[in-house]
Structure formats: C-alpha cells, structure tokens
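Summary of structural features
The primary structure of each chain is shown beneath.
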There are 2 protein chains.
Amino acid sequence: MRVRARVAYHGAPFHGFADNPGVPTVAGVLNESLGRAVGEPVAVTCAGRTDRGVHALGQVVSFDVPDGTDLGTLARSVNAQCGPAVFMADLVVAADDFDARFSATGRTYRYRILNHSEPDPLLADQSWHVPEPLDLEAMAEAGRYLLGVHDFTSFCRRPRTGRAVEPSLVRRVEALSWIGPDGEGVLVLEITASSFCHQMVRSIVGTLVAVGQGQRSAADIPAVIAAGDRQAAGRPAPPHGLVLWSVRY
Amino acid sequence: MRVRARVAYHGAPFHGFADNPGVPTVAGVLNESLGRAVGEPVAVTCAGRTDRGVHALGQVVSFDVPDGTDLGTLARSVNAQCGPAVFMADLVVAADDFDARFSATGRTYRYRILNHSEPDPLLADQSWHVPEPLDLEAMAEAGRYLLGVHDFTSFCRRPRTGRAVEPSLVRRVEALSWIGPDGEGVLVLEITASSFCHQMVRSIVGTLVAVGQGQRSAADIPAVIAAGDRQAAGRPAPPHGLVLWSVRY
C-alpha cells in the first residue's frame, strides 16, 4: 500500500535529500529505517529534493509498504532509528497513484536571514548572517516583480539534461512576503510557487539581498528576469538559511 | 594588559568550556587562537564554566595579552579562527585585578523547553523536548519557593574537593521567571543568581518540569530544599537546553 508522510529534518548532517550511496542523505536514512521496519526494500519519493545543508519542516514523502502495515508502529520505529535530526509524522494511507512529487500543487519555502551586526552561533547553521543594514522597502518592492508567471532561467541552475529540448523553467510565484525582522534581527522570506527549479529560492534571496544592500535597484528586477541569463541575477544565498516549509496537494 | 570580552558559542561541538587537552573545548580554541594572534601563550578565565553541550550568548572571559595589543585586530583574528561556532565581541582593556569569574556579581541563564507534541529537528540541539502538556501555573508557583537565599545542596552536583570543610552551596536566586510558551510551544526559564553551583539550573528545571507534569506538587519544593539531598530533587534537565545568557559585574 502507498503511504504519505510529512518529514522534518536538520540539513547539516546530510548531503542533501536524494539517495546517494556512500554518503549520509535524508532519503538514505529514511529508506534504510523504513526497510528495516517492514522487512523489504523501501524507496521514498519526496515533494522537493533539498540540497546539501537545506532544512525541512514540511517535506512530504510517499512510499510503498506491505498491505496492513501498522502506520503508528512504523512511525515509532523510523523515529527511533532516525532521531533527532529527522522526524516523520502524519503517516496516512494514500491513493495508489499518489506521488509526493507529481501530485504536489504548491511548495512553500522560508529563508532565514540574521540581519544583525553580530553573528549568532546558535543560528549559524540555520540562517544567513548579513551584517549590513538592509533597505527592507526596496527588497519588498523587488520581490513584487517576481510574483506571477515568469521564465525563471535567470534564477535557476539549469539541469544538464542533454535533451534536444530543454525543460521549461517557467514557474508561477503565487506569494512572496517578508516576515520581521524580529527583536533579534531575524528576517524571513516566505515564498510559494507551484514548483521551483533548482536553486531558485536561494537565487531570489541573493538577488533581493543585493537590492537591500543597495548593490542593485529594485527597478532592475524585470530586466534580470528578461535576461534569461544566470549571470544577471545575484549570487545564490547559502543553503543553510533555507527551509522547505510546507507542500500543498 | 588584562582584557575582558564577551563570548557566544554553540555547545554542541565542544566538550564543555574548561580546557582539557586532547578534546575540543571552548577555552581550548580561545586559548589557541588568542595565543596565535599575540604570539605568546594565553589562558582565558570565564564567568561560568559551562558543561558539555551547554551554549552561551553572554559568557565573559578575561585574559592577559601584551601591552598595546590592538583589540579590534585581535577580535577579528580570533573570530576568523573560531567561527562560526564561537564568536568573541566587546573586547575592552580591564583593570589589572579584573577576573571574569571572581569579579562577577550575577549570572543569568536561560533554559529552553520545546513543549509540543512533536520534536523539531531544528531545535533538537538547543532545547529539551517535553511532549506532555505542562501545568504552567504550578511550575510558576514552584519556582517562587526557590527565590531568595537557600542552601541548594539538593539541586547541586557536589564537587569532590576532599577538603575537611566542604564549600558552601548557599546561593541567592534573585529572579526566576517563565517566558512563553510562544506559538511554537517554546517555553523559556530565565534565572538569575549571584552564582550557581554545578548543575543547579538543570536540576531546578528538571524539578520544575516534574511539577508541571504532575509528578510532584509545587508545595513540595520547600521540603526538597530542606532535605539537603540530591535525591530529593528531580533529575537534571539535559544540557543542550541551557544558555549562559549574561553576566553582571
């Protein structure tokens, strides 16, 4: 039977989500612990393949287990094997054709910036430290240009497919908002799209922060999008500020 | 000349603060990086010797460096060598008799509890996960019995001194308050005392949480104090929820 589950994890101990024999990955520890629990090989599919260092609180996975498997027992077994860096919850039996990746209709990510003159060792592996003051109004204005349907080629690490026709990098950004900063200088970007191409959130954050630092203007963003060239956008923000927050089905 | 500085650190990579040859400690990396920067051996003294896994945002250290050492350059050198797990700031020249430990008149610690049915991998190494609902009113009432001057023998891991007269474990708790829980279930105990004996905050937290879980009553606390016996108090809370928050001089 097919199972759907939510997974939270700290990205630091892993070389990303995707299974990669010989290195610790989130899929690797999930497959291994699920397989040990049910007594046969299990291979999880995820809604968003996070890169090395990226975290998740609302990742969703699907996988097959023998009919009749008790999901409460399965969750306890997986969590006993994978904790505390990984936590699996909300296991339910899904339709046979449910696929965590292809059935998803939207993904929300959060990116955390520590905008304070001093770094904070307790946030070092879960935020990007930007010590300079940021022009929040300009960053909000720049973000509004990204809303809607665009070709995000300028903001994506294009996969090398080798195909004659490259896959589309057109995406719909449904929502983009800044939360904070709170009293400790923590500023969060929340962004929702139908789906994201590779490094898209990090490239958007890098570009918007460059606007906030005055290195480029908010009004430049339409031209950055139109360029269809990765060199036009800012450098991607580091992975450890990024959290896959939730997935919509 | 004597220097005073504030130090923040993540406790996870270290076997506690105190220098201990052969294992990574906060004092070890500070001594090594300061020594490399000034070209002679340096030995830091700290306000509160934190245990393995305990964090600090407001630890204070004192140490001697050659007269005329530029403190801005020294801070940059130390931070380049020690980051991102350790950060040193606010370096000032202190009086020759200033001692980070003996000159301190008060210490404030914060202890973070994640009081939520689910663990959070992003908080796993900086909070104690207590999934059961807690009776916050009973915990606040229990805390009030600890205010003021008491012999905290029941809440301390007594040092083995081998001396005929054991050192006093009488301390003055000046303030104790609960902050939160916030929307994510994070509940913080803030506690200030002239000084703390070993494992005192963690033993207090363990005892107050036992009250919150209904395992003991708030009204029992005076008897726990009076017992002068470590078995009378609750088990110490785990170290990774604890943060040395600030030191008063």
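This is a predicted model, so every value here is computed, not measured.

Going through the model one piece at a time under the given rule, you end up with 10 aromatic pairs over all chains. Ring geometry for Tyr9(A) against Phe17(A): centres 6.0 Å apart, planes inclined by 45 degrees, an arrangement best described as tilted. Exposure remark for Phe17(A): the relative accessible area of 2% places this residue in the buried category. Each ring, one from Tyr111(B) and one from Trp128(B), has its centre 6.4 Å from the other, and the planes form 90 degrees; the classification is edge-to-face. Here Tyr111(B), found in strand S5 (residues 106–114), pairs with Trp128(B), found in strand S6 (residues 128–129); they are 17 residues apart in sequence, far enough to count as distant. This pair shows no difference in class: Tyr111(B) is buried, exactly as Trp128(B) is.

Another aspect to go through is the packing of helix H1 (residues 26–38) of chain A against helix H2 (residues 71–82) of chain A. All names here are of chain A. Where H1 contacts H2, the two axes come as close as 9 Å, and the packing angle between them is 130 degrees. Taken together, the axes of H1 and H2 are oblique relative to one another. For the element pair H1 and H2, the recorded crossing hand is right-handed. Contacts from Val-29, Leu-30, Glu-32, Ser-33, Leu-34, Arg-36, Ala-37 and Val-38 in H1 reach Leu-74, Ser-77, Val-78, Gln-81 and Cys-82 in H2. Of the residues in the contact of H1 with H2, the class split is eight nonpolar, three polar and two charged.

On the side of chain A, 20 residues touch chain B, which itself brings 20 residues to the contact. Together chain B and chain A conceal approximately 1,600 Å² of surface at their shared face, both sides included; 67% is due to carbon and sulfur atoms. For the pair chain B and chain A, the number of links is two salt bridges. Note that Arg6(B) is salt-bridged to Glu118(A), the shortest N-O span being 2.7 Å. Connecting chain B to chain A are four residue pairs in polar contact (both at pLDDT 80 or more). Those elements that place two or more of their residues in the side of chain B that touches chain A are strand S1 (2–9), strand S3 (55–64) and strand S4 (86–93) of chain B. If you tally residues by element for the side of chain B that touches chain A, the top one is S4(B), at four residues. Class assignment of the residues belonging to the side of chain B that touches chain A gives a composition of 13 nonpolar, three polar and four charged.

The transformation that overlays chain B on chain A combines an axial shift of 0.0 Å with a rotation of 180 degrees, and the residual RMSD is 0.0 Å. Here the transformation between the copies is reduced to the relation of a two-fold axis. Taken together, the interface assignments show that 100% of the residues at the interface of chain B recur at the interface of chain A, consistent with an identical surface on both copies.

With that settled, the discussion passes to unusual backbone geometry. With an omega of 5 degrees, the peptide bond between Gly180(A) and Pro181(A) qualifies as cis. Relative to the helices and strands, Pro181(A) is located in the loop between strand S8 (170–179) and strand S9 (186–193). The omega angle of the peptide bond from Gly83(B) to Pro84(B) is -5 degrees, so this bond is cis rather than trans. Within the secondary structure, Pro84(B) sits in the loop between helix H2 (71–82) and S4. We note that Asp90(B) has phi near 55 degrees; this positive angle belongs to a residue other than glycine.

A complete count under the given rule lists two disulfides over all chains for this structure. Note on cysteine connectivity: Cys156(B) is disulfide-linked to Cys197(B), with sulfurs 1.9 Å apart. Of the two residues, Cys156(B) is situated in the loop between strand S7 (148–151) and strand S8 (170–179) and Cys197(B) in the loop between strand S9 (186–193) and helix H4 (200–212); the sequence distance between them amounts to 41 residues. Exposure remark for Cys197(B): the relative accessible area of 8% places this residue in the buried category. Cys46(A) takes part in no disulfide bond, and the closest cysteine sulfur, belonging to Cys82(A), lies 15 Å away. We classify Cys46(A) as buried; its relative accessible area is 6%.

How large an interface is tends to be reported as the accessible area lost when its parts come together. All names here are of chain A. When cut into domains, chain A gives domain 1 (2–93) and domain 2 (106–248). Placing a centre on the C-alpha atoms of domain 1 and another on those of domain 2 gives a separation of 27 Å. Contacts between the two partners involve 15 residues from domain 1, matched on the other side by 15 residues from domain 2. Sorting the residues of domain 1 by area buried against domain 2 places Ala-47, Asp-51 and His-55 first, and these three jointly supply 39% of that buried surface. At the surface where domain 1 touches domain 2, the tally comes to one salt bridge.

Let us now look at the layout of surface pockets. The computed volume of the largest pocket comes to approximately 1,700 Å³. Taken together, 48 residues form the lining of the largest pocket, with Arg112(A), Leu123(A), Glu184(A), Arg112(B) and Leu123(B) sitting closest to its centre. For the lining of the largest pocket, the per-class residue count stands at 25 nonpolar, nine polar and 14 charged.

It is worth spelling out the pattern of salt bridges at this point. Following the criterion strictly, the structure yields 14 salt bridges over all chains and no others. For Arg2(A), the salt bridge goes to Asp64(A), with nearest N and O atoms at 2.9 Å. Of the two residues, Arg2(A) sits in strand S1 (residues 2–9) while Asp64(A) sits in strand S3 (residues 55–64), which places them 62 residues apart along the sequence. Since its relative accessible area comes to 21%, Arg2(A) is described here as partly exposed. Its relative accessible area of 38% is what places Asp64(A) among the partly exposed residues. Two residues, Arg6(B) and Asp90(B), come together in a salt bridge whose shortest N-O distance is 2.9 Å. A residue pair is termed long-range when its members are at least 10 positions apart, and Arg6(B) in strand S1 and Asp90(B) in strand S4 qualify at 84 residues. Of the residues examined, Arg6(B) reaches a relative accessible area of 23% and is grouped as partly exposed. Here the salt bridges share partners, and the residues they tie into one network are Arg6(A), Asp90(A) and Glu118(B).

Cut-offs used in this document
- Position labels on residues start from 1 in each chain and follow its written sequence.
- Each chain is given a letter, starting from A, and each ligand a number, starting from 1, according to the order in which they appear as written.
- Two thresholds apply to this predicted model, a pLDDT of at least 70 for residue-level local features and 80 or more for giving and counting side-chain atom pairs, whereas whole-chain, interface and lining totals are computed over all residues.
- Excluding hydrogens and water, the side-chain figures rest on all heavy atoms present in the structure.
- Here a pair means two rings of Phe, Tyr or Trp (six-membered ring of Trp) with centres within 6.5 Å. Their orientation is stacked below 30 degrees between planes, edge-to-face above 60, and tilted elsewhere.
- Between buried and exposed lies partly exposed: a residue is buried under 20% and exposed over 50% of the maximum accessible area for its type, with that area taken using a 1.4 Å probe on protein chains only.
- Each helix is a run of DSSP H or I of at least 4 residues and each strand a run of E of at least 2, with the numbering of both proceeding from the N terminus.
- Here the axes come from fitting lines to C-alpha atoms, over the contacting stretch only for helices, and the angles between their N-to-C directions go from 0 to 180 degrees.
- When an angle is under 35 degrees it counts as roughly parallel; over 145 it counts as roughly antiparallel; between 65 and 115 it counts as roughly perpendicular; any other value is oblique.
- Less than a right angle of anticlockwise turn of the near helix away from the far helix marks a crossing as left-handed, whereas a clockwise turn marks it as right-handed.
- Contacts between residues were defined by any pair of non-hydrogen atoms, one from each residue, lying within 4.5 Å.
- Just so you know the grouping, Ala, Val, Leu, Ile, Met, Phe, Trp, Tyr, Cys and Pro go in nonpolar, Asp, Glu, Lys and Arg go in charged, and all remaining residues, Gly too, go in polar.
- For any pair of parts, buried area is found by adding up, for both, the accessible area (1.4 Å probe) each one loses once the two are put together.
- In the sections that follow, a salt bridge refers to a side-chain nitrogen of Lys or Arg positioned within 4 Å of a carboxyl oxygen of Asp or Glu.
- Here a polar contact means two N or O atoms within 3.5 Å. Within protein one must be a hydrogen donor candidate and the other an acceptor candidate, and residues neighboring in sequence count only if both atoms are side-chain atoms.
- Least-squares fitting of one copy onto the other uses the C-alpha atoms of those residues that reach a pLDDT of at least 70 in both copies.
- Cysteine sulfur atoms are paired as a disulfide whenever they fall within 2.5 Å.
- These domain boundaries are the output of an automatic or database domain assignment.
- The distinction between a cavity and a pocket rests on a 1 Å grid over the protein atoms alone: a 1.4 Å probe fits inside a cavity but cannot get out, while a pocket stays open yet meets protein on both sides within 12 Å along at least five of seven lines, and a residue with an atom within 4 Å of a point counts as lining.
- Grid points are joined across faces, edges and corners, and a volume is the space filled by probe spheres set on the points.

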